[in-house]
Amino acid sequence: MPAAEDLTLLIQAAKAAGDIALMYSGPTAQRWDKPDGQGPVTEADLAVNAMLETMLPKARPDYGWLSEESEDNEARLGKDRVFIIDPIDGTRSFAEGSATWAHSLAVAERGVVTAAVIYLPQRDLLYSASKGGGAFCNGTPISVTSPGALSAAKILTAKPNLDTQHWLGGTPPVFHRSYRPSLAYRLARVADGGYSAMLTLRRSWEWDIAAGDLLLREAGGLISDRLNKPLLFNNRVPLLDGVVAATPKTHLELFQSLDPKGPGIAG
């Protein structure tokens, strides 16, 4: 199936997901805490997931399925193509009534993402990309932008990533730090030129990263794990060893400062 056709399907699905999510008020939506400290889930997450798990496999019955809110099974490992879905990325923000949550939908073929959508319905932002087809926000092409020096870079990252144990010489480089709760939205903001990089040294679930991986690459950026290895998806255990996503110049400069023997962040 051509990536462009998969992208059309993902856009339709993302808009339908937004329609469902907006039927709920985050602060009043029923909420549960997942076991083992895996964070919250709301009735909106489950409703969106149920719709997507019906719509997308029906349209592509030969694709595998990986979603944060579905019980995983190894059947997906035998599929050439797989949907990788986060029904609501940034559930805490959703539950708090914030607008910085997103639907993150992707298709990966033999480990490489080929079609992707990140949709923030409350902000009316729909990011999309297909392999070789460029990256867009609301239909307008987007691209990364690079600062003159790392000290001028605006980087989305959480404070634990600046701990001295992760950096050569025990000192993180100087840059302007910001934060957004949704990993997918962080990646989109690097792709659209709003920020120079997104950095997380914590092990990250594939469904948080897959759509942003393609969006960032099609926008001219570089993305890797914390050891500067390429990201591959649909792994048996769907976890990535951190993520560094940036403009090419900032990506290089970050890896000149990161300690490859650093421990990463547990959890």
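Before any of the text, the structure's been laid out above.
The notes below deal with the structure included here. Predicted, not measured: the structure shown is a model, and the values here were computed from it.

Let's talk about the sheet that holds strand β6 (residues 112-120)
Then, number 1: Spatially, β3-β4-β5-β6-β7-β8-β9 is the arrangement adopted by the 7 strands of the open sheet, whose pairing is mixed. Of all the strands in the sheet, just β3 (64-67) and β9 (140-141) have a single pairing partner and so form its edges.
Then, number 2: Bridging between β6 and strand β7 (residues 125-130) involves 6 bridges; their strand directions are antiparallel. What sits directly across from A116, in β7, is A129.
Then, number 3: Sheet contacts for helix α2 (residues 43-59): β3, β4 (81-89) and β5 (102-109); angle to β4, the most-contacted strand, approximately 160°.
Then, number 4: Most of the contacts of helix α4 (residues 183-191) go to β7, to which it runs at about 75°, and overall it touches β4, β5, β6 and β7.

Remarks on unusual backbone geometry
Then, number 1: Of note, the phi angle at N138 is positive, near 50°, even though the residue is not glycine.
Then, number 2: Mapped onto the elements, N138 comes out in the loop between β8 (134-137) and β9.
Then, number 3: Although it is not a glycine, N228 sits at a positive phi angle of roughly 70°.
Then, number 4: Along the chain, the position of N228 falls in the loop between β14 (222-224) and β15 (239-240).
Then, number 5: Taking the relative accessible area as the measure of exposure, N228 reaches 41% and is therefore partly exposed.

Brief notes about helix α6 (residues 248-257)
Then, number 1: Listed as buried for α6 are T250, H251, E253, L254, F255 and S257.
Then, number 2: Looking at the buried positions of α6, the neighbouring elements they touch are β10 (154-157), β12 (197-200), β14 and β16 (243-246).

What counts as what
- Along each chain, residues carry numbers from 1 onward, in the same order as the chain's sequence is written.
- Only residues with pLDDT of at least 70 get local features here, since the model is predicted, and only at 80 or more are side-chain atom pairs given and counted; chain-wide, interface and lining totals rely on the full set of residues.
- Side-chain numbers here rest on the full set of heavy atoms in the structure, without hydrogens or water.
- Here, strands pair whenever DSSP counts at least two bridges between them.
- Under the scheme used here, helices are H or I runs from DSSP no shorter than 4 residues and strands are E runs no shorter than 2 residues, and both carry numbers assigned from the N terminus.
- Whether two residues are in contact is decided by their heavy atoms: any pair within 4.5 Å suffices.
- Axes here mean lines fitted to C-alpha atoms, for a helix over just the part in contact, with angles spanning 0 to 180 degrees between N-to-C directions.
- Burial classification: accessible surface area is computed with a 1.4 Å probe over protein chains only, and a residue below 20% of its type maximum counts as buried, one above 50% as exposed, and the rest as partly exposed.

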